[in-house]
Amino acid sequence: MIEVYKMSLNDLENIKEILISDFDDFWNYSTFKEELSNANSYYLVAKSDNEILGFAGIKTVLDEADIMNIVVKKSKRKLGIGSLLLKNIIELCKNLNISTLFLEVNEKNTPAISLYKKFGFKNVGFRKNYYKENNAIVMKKENL
Ligand SMILES: CC(C)(COP(=O)(O)OP(=O)(O)OC[C@H]1O[C@@H](n2cnc3c(N)ncnc32)[C@H](O)[C@@H]1OP(=O)(O)O)[C@@H](O)C(=O)NCCC(=O)NCCS
């Protein structure tokens with residue numbers, strides 16, 4: 001059974017060595033560690049039998065939040081874990097009285113864009129060359 005918990009520093013230590021190889025190369029360990037200790041950041045982890053399958057996090061500013069990342073272990077993708085994490089992130093935002101959720105996504109990242117659309121996110125902006133040579137789409141979900 002997969003369960004979703006608040007991510008602890010211990011969870012991060014658990015995946016420190018495989019963070020880039022088995023998840024993604026988006027952030028290094030020290031940036032992530034800093035994020036985890038930020039008072040306005042909230043991270044969730046999906047676990048099964050103590051194996052970390054994915055994680056997702058937000059940063060809040062007043063009644064808005066940005067999705068900082070949502071990442072599933074490469075070997076466990078397309079099994080519904082990204083959806084489970086996003087559903088829990090939206091629930092968390094409701095509990096924090098967040099009214100609007102934003103994110104930036106690489107315009108070439110079809111899996112992520114499909115996931116966000118499935119949860120009702122709409123395109124609201126475009127940031128040229130946000131990811132080196134790739135553009136970012138800004139997406140937003142209101143009325144959580
Ligand atoms: C994006 C990501 C988190 C999706 O996680 P996942 O566990 O594979 O997603 P799910 O199995 O819950 O799939 C949810 C929806 O996403 C879409 N999706 C997932 N993988 C897809 C793919 N390879 N191609 C197209 N759509 C895809 C589908 O719409 C799917 O809905 P469906 O199952 O009803 O068809 C995962 O691909 C990932 O970790 N990517 C690398 C990190 C990343 O780019 N994160 C986002 C930017 S921060």
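Each remark here, short or long, concerns the structure printed above.
This structure is a prediction, so every number in the text was calculated from the model and none was measured. (Residues numbered from 1 in each chain as written. Predicted model: local features only at pLDDT ≥ 70, side-chain atom pairs only at ≥ 80, totals over all residues. Heavy atoms only, no water.)

Engineer: Now, about the packing of aromatic side chains: what can you tell me, with residues and values included?
Structural biologist: The final tally for this structure, using the stated rule, is seven aromatic pairs. These aromatic residues form a ring-pair network of at least three members: F23, W27, F32, Y43 and F55. Directly above the ring of Y29 sits K16, whose terminal nitrogen or CZ lies 4.3 Å from the centroid. Directly above the aromatic system of Y5 lies the positively charged group of K47, at a separation of 5.4 Å from the ring centroid. (Phe/Tyr/Trp six-rings, centres within 6.5 Å; stacked < 30°, edge-to-face > 60°. Lys NZ or Arg CZ within 6 Å of the ring centre and 35° of its normal.)

Engineer: How would you explain the nonpolar core if you had to name every residue and give the values?
Structural biologist: Ranked by size, the top nonpolar core spans 28 residues in total, and within it I67, L86, L101, Y116 and F121 carry the most contacts. Those elements that place two or more of their residues in this core are β2 (41-48), β3 (51-61), β4 (64-72), α4 (81-95), β5 (100-106), α5 (110-118) and β7 (134-142). Residue contributions to this core peak at seven residues, all from α4. Y29, F32, Y43 and F55 belong to the second-largest nonpolar core, a separate cluster that totals 14 residues. (Core = buried A, V, L, I, M, F, W, Y, C linked by side-chain atoms within 4.5 Å. Buried < 20%, exposed > 50% of the residue type's maximum accessible area, 1.4 Å probe, protein only. Helix = DSSP H or I, 4+ residues; strand = E, 2+ residues; numbered from the N terminus.)

Engineer: Quick one: what's the story with the layout of surface pockets, residue by residue and with numbers?
Structural biologist: Estimated volume of the largest pocket: approximately 1200 Å³. As for the largest pocket, its lining consists of 33 residues, of which D24, I70, N109, A112 and Y116 are closest to the centre. Those elements that provide at least two residues to the lining of the largest pocket are β4, α4, β5, α5 and β6 (122-131). Looking at side-chain class alone, the lining of the largest pocket contains 17 nonpolar, seven polar and nine charged residues. (1 Å grid on protein atoms, 1.4 Å probe; cavity = no way out; pocket = protein on both sides within 12 Å on 5 of 7 lines; lining within 4 Å. Points joined across faces, edges and corners; volume = space filled by probe spheres on them. Nonpolar A, V, L, I, M, F, W, Y, C, P; charged D, E, K, R; others polar.)

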